[in-house]
Amino acid sequence: MIKRLTSIFLTAMLVVMVSIPFMRSSSAHAATTSSRNASLATTPRQAYATQNLVQDSGFEQQTTGTVSAPWNVEGPGSQGIDLNAGFAHSGLNNAWIRTSDSNWHAIIQAVPVQPNTNYTLTGWIQNSFAQNVGYFGVRKADGVTVLQEMSFGTLPFYTQQIVNFNSGPNTTVTVYGGFWGQGTDYWARFDDISLRVATLAPQSTFFATAQEESYSTYQTPSDGDLWPSCWADDNNLYAANGDGTAFSGGTTNRFDMAVSRISGTPPNLTGTTLATNVGTNWSGPAYYLKPTGMLCVNNTIYLAFQNIQRDHFNSVPAASIAKSVDHGATWTWDANAPMFPNSAFTTIFFLDYGKNYANSIDGYVYAYGFDSNWRDQQSLYLGRVPSASVQTRSSWQFYTGTDGSGNPTWSSDINAKVPVLEDDRQMYPQTFGNFCCTNGHPFGQGGVTYDAPLHRYIFSSWSYATHEFYESPNPWGPWSLFMSKDFGPIQLTQNRGQYGTSIPSKFISADGKSMYLQSNVCCSGDSYNFDLRKMYVQPYTSTTPANARSDTNNLAQTGNGTTAISKSTHFGSLSGANFTDSLNNGNLSENEDDYDQAAKTQDWWGYTWNQAYNLNKVVYTTGNMFSDGGWYSNGLTVQVRQNFQWVNVSGLHVTPSYPYSNAAGANTNYVFTFNDTWGDGVRIIGTPGGSSYFTSIAELSAYYTTKQYPMRGFSQFGTNRYQMRNDGSIWFYQGSTWQELDNNVRTSAMATDGSGNLYQLRNDGSIWFYQGTPFSWQEVDNNPAATAIAVDGKGHLYQLHNDGTVWLYQGIPMTGWQELDKWPGNIGLATDGLGGLYLLHTDGSIWKYQGTPYTWQELDNNPLTISIEADGKGNLYQLHNDGTLWLYQGTPMTGWQELDSWSGNIAFAVDNVGGLYLLHTDGTIYKYLGTPNNWQQVDNNPAAVAIAADGNGDLYQLHNDGSIWLYQGTPITGWQRIDNNPASVVLSGAY
């Protein structure tokens, strides 16, 4: 058995300070003025791209040295405002606190917010601390209870602090920044406080699949980290490393920075160290040098470098650019002052435009940058400069947005810049154990490369446990996220990502699809050098699924471009060396899991493909079970990817029933069958179980089988009897023969009402109404989001969309649909013979429509519920994943009566006259006799895979050979075969 590792390897380059939540004093005190012992150059107030909810965010409206509205203070010490004193981060003013007592002191402001909304709080802070005593965050509406915060320590230069949070039920939050006095003279300055609705990068639709090897599979004999590079006119790669011996050999004579020439192509690279004395430290002994970007243009090489705080690596106050005209042998730069001071645009990486910048679109050099820090960022900025003036600071311009025609606008004022890309995702928002980096952010020092064959720009970034990849058609955007590779925090040799991500353009294949990524793990071993791992991308092309039904064609193995996906991996067996995947290798006795110290609410295992496929079955083989996890605890379902959106399948059933505990067992098969659908991806997804919140897996297979069962959602019958076959054809039973009504291969479902009206749903989302003549159908809607249809006994037609919206047909084709609900958790519909409509949510809750759009009454909220059905008399039933069947007695939540408790129950059917039937896993069929746990066995054929009942009280069963049987009234022997077509897969009728 594979043992799950629990040790964590923390690295010096990635240490962050852990927040210690506690209650804050809410009392306010008057502020007094105080002198200062440090200063910074004053710069103009920076422009903002979106609305800032904090009033007087830069303290520019303060007119005296005393803090006044809209700001307030806490604590008995001295707080105040510096008015045009030269201490501001930007603009003229800033707030300050200074004390030598041992109390809590803060600057605060109450800010109105929208409930249940994600926000990002940022602020620039400078202090004289010698220890970790400062806090920056938000409190709940009571002004006292901490909602989210971060701690901070020594910040000798203004440094941006970032806090992400969800407002929950609060309509007001209190923003605060302050510190606990330590009995010694400490001061802190605060400026440019911002609170905005969080911005998420949009999902890319450019690549169908993308994958990255789980670790660096090619290492060079070198030492150091970061390694930004460029491709020079002499066909060599030039790269700069930090904190290492580069290619000079040994590990003792380490350099802050070194520049090396790298010749050849993988796997045949050789390196030579050229220079080790480049750059200036303007920031003092607590800082040292790090390279951030390399540029090869006009037969000249440029190196961007920064001053970084050497203890916690969270402050980068200054940056500049050096130049070499002799291919890296000697370098020149202005040693008197940095080109980029004041923590603005101080992590600079140049756009890689190919050999000697040959693919440039104009005469400019483009460079991307962060403010304040080289990692844990949410905003990416863009600058440009004429290629002949790279070291001339006054020639630089910065992106300020786009004009009315979508063209980029530029300004020479660095404080007018706005982000070219924002992504406010919180990486690992809830963790346990000794995880170091809760609430991290997705941007870290990386690289932007132009993939010339694909005409696409790729930004490679990282957070502590992930690699993040974005693409764009232009240097300025729009940027979209196309891959987030989550390695988890444990950093095993065969599964780790880490920092300094860049894609050298020299190593991109002729078709643009294959490339190499450089990244490092601090601070020794086989990833603390210039090392590479393969990446592969496939541009998206719209396709129509054409695969035929087959019980043996496992699309996980035969699909075009099969790419395994998961929330994260523990052992890196998804996309290992040369993109090998354990999920589809046929070994059913191995183990992978996603133990990652995250308190996850969802995880998934699945595939994406380069083309779309028909699907109706998934087989999940579990991995190992552990004392603290390895199973799903709730909500396990199947989703397919359609038009880059993951949508729930309909008609889902699991055999055997999944137990939602460690009773799921190791290396056990669970078969998921569902209604015919399509997608260019498929996954199982649910809530992970155990105290460590993870699931395990050995194998996942996907099929488009010849049999589709059971028929959840399609077991409603009336006097008219219909069947759908696996070729999409629909047939009407005429008493002794069957008449074909349609033969569209895209048909995925059908439904009928009490008046004999017949509808079909196709896998493109279109809905069609039968006109009474074979092959004559009227289209009544064509929304690709439609995933299910249902009709009731009154003739009402409903459809469910993959975004959870529910719609009622008003009688006018295409436009005549009324929205009744729009909750994304809706996954199932049920209707009764009296016009009742019911919804099943992903959390197991059941809701009844009250007759007015968006007005629903909750009837139950049991997470075990997997399906619901209602009969012609208005009775409502639910089936749990433990096999129990329940009848609604009329009292919401508590008014449910258990009718059966056998774990083998997998499906049930109802008719128009109150009949209720159960199908067991062994093929036995039972009829309810009117009292709980009192059932009569009516058949025991193991070939039975589905049952249905109609408005006359007739009962039918479908066998796995496609034959359909009608119950004649005599248990076991009294069944008449009314069809024997092996293509039969679904039966339907009306109340």
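Residues numbered from 1 in each chain as written. Predicted model: local features only at pLDDT ≥ 70, side-chain atom pairs only at ≥ 80, totals over all residues. Heavy atoms only, no water.

The protein appears in an unreviewed UniProt entry as DUF4185 domain-containing protein from Dictyobacter formicarum.

## So, the overall build of the protein
Of the regular secondary structure elements, the protein holds one helix and 70 strands. The C-alpha radius of gyration computed for the protein amounts to 32 Å, which stays within 12% of the reference 30 Å derived for 991 residues, consistent with globular compactness. Its C-alpha atoms give the protein principal-axis dimensions of about 100 × 65 × 60 Å. Buried positions account for 62% of the 991 residues belonging to the protein. Partitioning the intrachain contacts of the protein with sequence separation of at least 6 by distance along the chain shows that 63% fall at a separation of at least 24. When the accessible area of the protein is evaluated, it comes to approximately 33300 Å², of which 48% is carbon and sulfur surface. Charge centroids of the protein, computed over 46 positive and 76 negative side chains, lie 4 Å from each other. (Helix = DSSP H or I, 4+ residues; strand = E, 2+ residues; numbered from the N terminus. Rg over C-alpha atoms; globule rule 2.2 N^0.38 Å. Buried < 20%, exposed > 50% of the residue type's maximum accessible area, 1.4 Å probe, protein only. Contact = heavy atoms within 4.5 Å. Areas by Shrake-Rupley, 256 points an atom, 1.4 Å probe, with all protein chains shown as cover. Lys, Arg positive; Asp, Glu negative; His and termini not counted. Charge placed at Lys NZ, Arg CZ, Asp CG, Glu CD.)

## Looking at the sheet that holds strand β1 (residues 72–74)
Pairing in this open sheet of five strands is antiparallel, and the strands run β1-β4-β9-β6-β7 from one edge to the other. Since the sheet does not close on itself, it has two edges, and those belong to β1 and β7 (146–152), each with one partner. Adjacent strand axes in the sheet meet at a mean angle of 20°, parallel and antiparallel pairs treated alike. Pairing of strand β6 (residues 134–139) with β7, which is carried by six bridges, proceeds in the antiparallel orientation. The residue of β7 that forms the bridge with Gly-134 is Phe-152. (Pairing = 2+ DSSP bridges. Axes fitted to C-alpha atoms, helices over the stretch in contact; angles between N-to-C directions.)

## Focus on the packing of aromatic side chains
Evaluation of the coordinates by the stated rule reveals 61 aromatic pairs. The interplanar angle of 50° and the centroid separation of 5.9 Å between the aromatic rings of Trp-462 and Tyr-499 together place this pair among those described as tilted. Taken together, the residues Trp-462 in strand β28 (residues 456–462) and Tyr-499 in strand β31 (residues 499–502) connect sequence positions 37 residues apart. A relative accessible area of 0% means that Tyr-499 is categorised as buried. A network of ring pairs unites the aromatic residues Phe-349, Tyr-368, Phe-370, Phe-443, Phe-459, Tyr-470 and Trp-479 as a single cluster. Above the face of the Tyr-703 ring, Lys-617 is positioned so that its terminal group lies 5.3 Å from the ring centre. Above the plane of the ring of Trp-768 lies Arg-762, whose end atom (NZ or CZ) is 4.0 Å from the centre. (Phe/Tyr/Trp six-rings, centres within 6.5 Å; stacked < 30°, edge-to-face > 60°. Lys NZ or Arg CZ within 6 Å of the ring centre and 35° of its normal.)

## A few points about the nonpolar core
Phe-340, Phe-350, Trp-396 and Phe-459 are the most contacted members of the largest nonpolar core, which has 44 residues in total. No other element matches the five residues that strand β22 (residues 364–370) contributes to this core. Among residues more than four places away in sequence, those in contact with Phe-350 are Gly-293, Met-294, Leu-295, Ala-304, Ile-321, Val-365, Tyr-366, Ala-367, Val-390, Trp-396 and Val-448. Ranked by size, the runner-up nonpolar core spans 33 residues in total, among them Leu-574, Trp-605, Leu-652 and Ile-697. (Core = buried A, V, L, I, M, F, W, Y, C linked by side-chain atoms within 4.5 Å.)

## Looking at the pattern of salt bridges
Scanning the entire structure with this criterion turns up 17 salt bridges. The salt bridge involving Arg-98 is made with Asp-185; its shortest N-O contact spans 2.4 Å. On the criterion of sequence distance, the pair formed by Arg-98 in strand β3 (residues 93–99) and Asp-185 in the loop between β9 (172–180) and β10 (186–197) is long-range, its members being 87 residues apart. Given the relative accessible area of 17%, Arg-98 is considered buried. Asp-223 serves as the salt-bridge partner of Arg-254, at 3.2 Å between the closest nitrogen and oxygen. Taken together, the residues Arg-254 in the loop between β15 (237–246) and β16 (255–265) and Asp-223 in strand β13 (residues 223–225) connect sequence positions 31 residues apart. Through salt bridges with shared partners, a single network forms among Asp-486, Lys-567, Asp-596 and Lys-600. (Salt bridge = Lys/Arg side-chain N within 4 Å of Asp/Glu carboxyl O.)

## A closer look at the environment of Leu-155
Tracing the backbone through its elements, the reader meets Leu-155 in the loop between β7 and β8 (159–166). Spatially, the C-alpha atoms of Leu-155 and Trp-479 are 32 Å apart, while their sequence positions differ by 324 residues. When sequence neighbours within four positions are dropped, the list of residues in contact with Leu-155 reads Ile-125, Gln-126, Asn-127 and Gln-161.

## Concerning the sheet that holds strand β68 (residues 964–967)
Taken in spatial order, the four strands of this open sheet run β66-β67-β68-β69, and their pairing is antiparallel. At either end of the open sheet lies a strand with only one pairing partner, and these are β66 (944–949) and β69 (975–979). Averaged over neighbouring strand pairs, the angle between their axes works out to 30° when direction is ignored.

## Points about the state of the cysteines
Each disulfide consists of a covalent bond between the sulfur atoms of two cysteine residues. For the structure on display, the rule yields one disulfide. Here Cys-230 is linked by a disulfide to Cys-296, with a sulfur-sulfur distance of 2.1 Å. Between Cys-230 and Cys-296 the disulfide shows an S-S torsion of about 55°. By sign, it is right-handed. Of the two residues, Cys-230 is situated in strand β14 (residues 229–231) and Cys-296 in strand β18 (residues 287–297); the sequence distance between them amounts to 66 residues. Of the two residues, Cys-230 and Cys-296, neither departs from the other in class, the shared state being buried. (Disulfide = S-S within 2.5 Å.)

## Quick word on the side chain of Asp-225
Mapped onto the fold, Asp-225 is located in strand β13. Owing to a relative accessible area of 0%, Asp-225 belongs among the buried residues under this scheme. A distance of 2.8 Å separates a polar atom in the side chain of Asp-225 from a polar atom in the side chain of Tyr-499. (Polar contact = N/O pair within 3.5 Å; in protein donor to acceptor, adjacent residues only side chain to side chain.)

## So, the pairing of strand β56 (residues 845–849)
The pairing of strand β55 (residues 837–841) with β56 spans three bridges and is antiparallel. Counterpart to Tyr-838 in the pairing with β56 is Lys-848. Counted along the chain from β55 to the antiparallel partner β56, the turn is three residues long, and its residue Gly-844 has a positive phi close to 90°. In terms of strand pairing, β56 meets strand β57 (residues 856–861) through five bridges, oriented antiparallel. Within β57, the residue paired with Trp-847 across the bridge is Glu-858. With antiparallel pairing between neighbouring strands as the criterion, β56 and β57 make up a hairpin whose turn holds six residues, including Gly-851 at a positive phi of roughly 100°.

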